[in-house]
Amino acid sequence: MDRLRIHEREQRQRVQHGLDCVAAVREAVGSHVDVLVDCHEHFDLPTAVAVGKALYALGITWFEESLPVGDVESLARLRSSLPELQMIGGERLYDIAGFWPYLAAGVWDVVMPDVKHCGGIHTLAGIAQAAGARGVSTAPHNPSGPVAMAASAHVAATLPQLHSLEYAWGEVPWRKDLISPAESIVNGEMELPPGPGLGIILDERTLAAQQRLSP
């Protein structure tokens, strides 16, 4: 993956375009709505520091996955350089052991384990517990379908230090037809399905129909 570096002219232009887009969103939604920025590990350290300062000037404090996971030292330096921002990461890490170096170094304010990647429901709960012991909250990574949403939501409902739960809203019109009962989200909160297990039944006919339509 190429990294954006602030000292390269073309990269500066790309960074500025991204910041302009964020500024436009901030203006559109107003100051009372939280705007969360995910950088997908695209920056080097100097660029991340510059972008973080620019985001803070826009009233944005959620700074997600700005540096490559694996570089704990640079993440720690970023943390000390931008104390006013919330640092978030961990969507690709596996198991409690995978998260522990970052928790021990104190580089993140919020961790984002993904139930599909981190080891499942039990492991997600264990990661959240380990994070909570270090004063770090959990926001499960979940840009996914309704089955992953149900699994993540059941764990999220048990977490005393839950920050939030990601929801992939509006990506396909047939999402509601994939499971029974359909997801129920009221005032930004998901109502847990009441059935056994995850509380849902996957609609195999809808799934098969969409698979046939996929390129």
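Attention here is on the structure that accompanies the text. The structure presented is a predicted model; accordingly, all values stated were derived computationally and were not measured.

1. Details of the overall build of the protein chain
- Tallying secondary structure elements over the protein chain gives seven helices and nine strands in all.
- A compact globule built from 215 residues should have a C-alpha radius of gyration of about 17 Å, and the protein chain, at 19 Å, falls within 12% of that.
- Judged by the C-alpha coordinates and their principal axes, the protein chain covers about 55 × 40 × 35 Å.
- A buried classification covers 41% of the 215 residues belonging to the protein chain.
- Nonlocal contacts in the protein chain, meaning residues at least 24 apart in sequence, comprise 65% of its contacts between residues at least 6 apart.
- Of the accessible surface of the protein chain, which amounts to about 11800 Å², a share of 55% is contributed by carbon and sulfur atoms.
- Distance between charge centroids for the protein chain: 4 Å, based on 16 positive and 26 negative side chains.

2. Comments concerning the sheet that holds strand β3 (residues 86-89)
- The parallel open sheet is built from five strands, whose spatial order is β1-β2-β3-β4-β5. Whereas interior strands pair on both sides, the edge strands pair on one side only; in this sheet they are β1 (36-38) and β5 (137-138).
- Bridge count between β3 and strand β4 (residues 110-111): two bridges; the pairing is parallel. Opposite Gly89, over in β4, you have Val111 as the bridge partner.

3. Considering the pattern of salt bridges
- Within this structure, the stated rule accounts for four salt bridges.
- The salt bridge partner of Arg92 is Glu41, with a shortest N-O separation of 2.9 Å. Taken together, the positions of Arg92 in the loop between β3 and α4 (95-105) and Glu41 in the loop between β1 and α2 (45-57) put the pair 51 residues apart, joining distant regions of the chain.
- Its relative accessible area of 5% is what places Glu41 among the buried residues.
- The salt bridge involving Lys116 is made with Asp114; its shortest N-O contact spans 2.8 Å.
- Judged by relative accessible area, Lys116 falls into the partly exposed class, the value being 45%.
- Note on Asp114: relative accessible area 1%, which makes it buried.

4. Here we look at helix α5 (residues 121-133)
- Its 13 residues give α5 an end-to-end C-alpha distance of 19 Å, which sits within 8% of 18 Å, the value for a rise of 1.5 Å per residue.
- Looking at the buried residues of α5, the elements they touch are α4, β4, β5 and α6 (146-156).
- At the exit of α5 stands Gly135, carrying a positive phi of roughly 75 degrees.

5. Concerning the nonpolar core
- Within the largest apolar cluster, 38 residues are counted, with the highest numbers of intra-cluster contacts made by Leu55, Phe63, Leu78 and Trp108.
- Looking at this core, the elements that each hand over two or more residues are α1 (9-29), α2, α3 (72-81), α4, α5 and α6.
- For Trp108, the residues in contact, after removing those within four places along its chain, are Val69, Leu75, Met87, Ile88, Gly89, Gly90, Leu93, Tyr102 and Val136.
- Membership of the second largest hydrophobic core comes to five residues, among which are Trp62, Val110, Met112 and Ala139.

6. Topic: the environment of Met87
- Relative to the helices and strands, Met87 resides in strand β3.
- Along the primary structure Met87 and Asp203 are separated by 116 residues, whereas in three dimensions their C-alpha atoms are 38 Å apart.
- When sequence neighbours within four positions are dropped, the list of residues in contact with Met87 reads Phe63, Leu78, Arg79, Leu82, Val107, Trp108, Asp109 and Val110.

Definitions and cut-offs
Residues numbered from 1 in each chain as written. Predicted model: local features only at pLDDT ≥ 70, side-chain atom pairs only at ≥ 80, totals over all residues. Heavy atoms only, no water. Helix = DSSP H or I, 4+ residues; strand = E, 2+ residues; numbered from the N terminus. Rg over C-alpha atoms; globule rule 2.2 N^0.38 Å. Buried < 20%, exposed > 50% of the residue type's maximum accessible area, 1.4 Å probe, protein only. Contact = heavy atoms within 4.5 Å. Areas by Shrake-Rupley, 256 points an atom, 1.4 Å probe, with all protein chains shown as cover. Lys, Arg positive; Asp, Glu negative; His and termini not counted. Charge placed at Lys NZ, Arg CZ, Asp CG, Glu CD. Pairing = 2+ DSSP bridges. Salt bridge = Lys/Arg side-chain N within 4 Å of Asp/Glu carboxyl O. Expected span 1.5 Å × (residues − 1). Core = buried A, V, L, I, M, F, W, Y, C linked by side-chain atoms within 4.5 Å.

These results come straight from atomic positions and should not be treated as a statement about function.
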